[in-house]
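Residues per chain, in single letters:
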Amino acid sequence: MNPIWLLRLTRWARRPPGRRLQIIVGIVLVAAIVLWGIEHFFGWPEALTPERIPRRIMR
């Protein structure tokens, strides 16, 4: 973990952000966890997986 992020976390712990920002961060975290859960339990759709195109060697 980058030391700058640790400094930001200590700043958040000493002076917590406003209620509105806490709600926004909570919503983003819940959305990320829900998307992870859907992908984990149901898998990634085959239609959204890009196909690899082999590179041609130019001479």
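Use the structure listed above.
Summary of the structure given here.

Calculation notes
- Residues numbered from 1 in each chain as written.
- Predicted model: local features only at pLDDT ≥ 70, side-chain atom pairs only at ≥ 80, totals over all residues.
- Heavy atoms only, no water.
- Helix = DSSP H or I, 4+ residues; strand = E, 2+ residues; numbered from the N terminus.
- Rg over C-alpha atoms; globule rule 2.2 N^0.38 Å.
- Buried < 20%, exposed > 50% of the residue type's maximum accessible area, 1.4 Å probe, protein only.
- Areas by Shrake-Rupley, 256 points an atom, 1.4 Å probe, with all protein chains shown as cover.

Points about the overall build of the protein chain
Reasoning step 1: Scanning the protein chain for helices and strands turns up two helices and zero strands.
Reasoning step 2: The C-alpha radius of gyration of the protein chain comes to 20 Å, more than 25% above the 10 Å expected for a compact globule of 59 residues.
Reasoning step 3: Principal-axis analysis of the C-alpha atoms gives the protein chain an extent of 60 × 35 × 15 Å.
Reasoning step 4: Burial analysis of the protein chain (59 residues in total) assigns 3% to the buried set.
Reasoning step 5: Of the roughly 6700 Å² that the protein chain leaves accessible, carbon and sulfur atoms contribute 66%.

A closer look at the environment of Phe41
Reasoning step 1: Mapped onto the secondary structure, Phe41 falls in helix H2 (residues 19-42).
Reasoning step 2: Since its relative accessible area comes to 65%, Phe41 is described here as exposed.
Reasoning step 3: The sequence separation of Phe41 and Arg14 amounts to 27 residues, and the corresponding C-alpha distance is 38 Å.

Shape is all these values report; function is a separate question.
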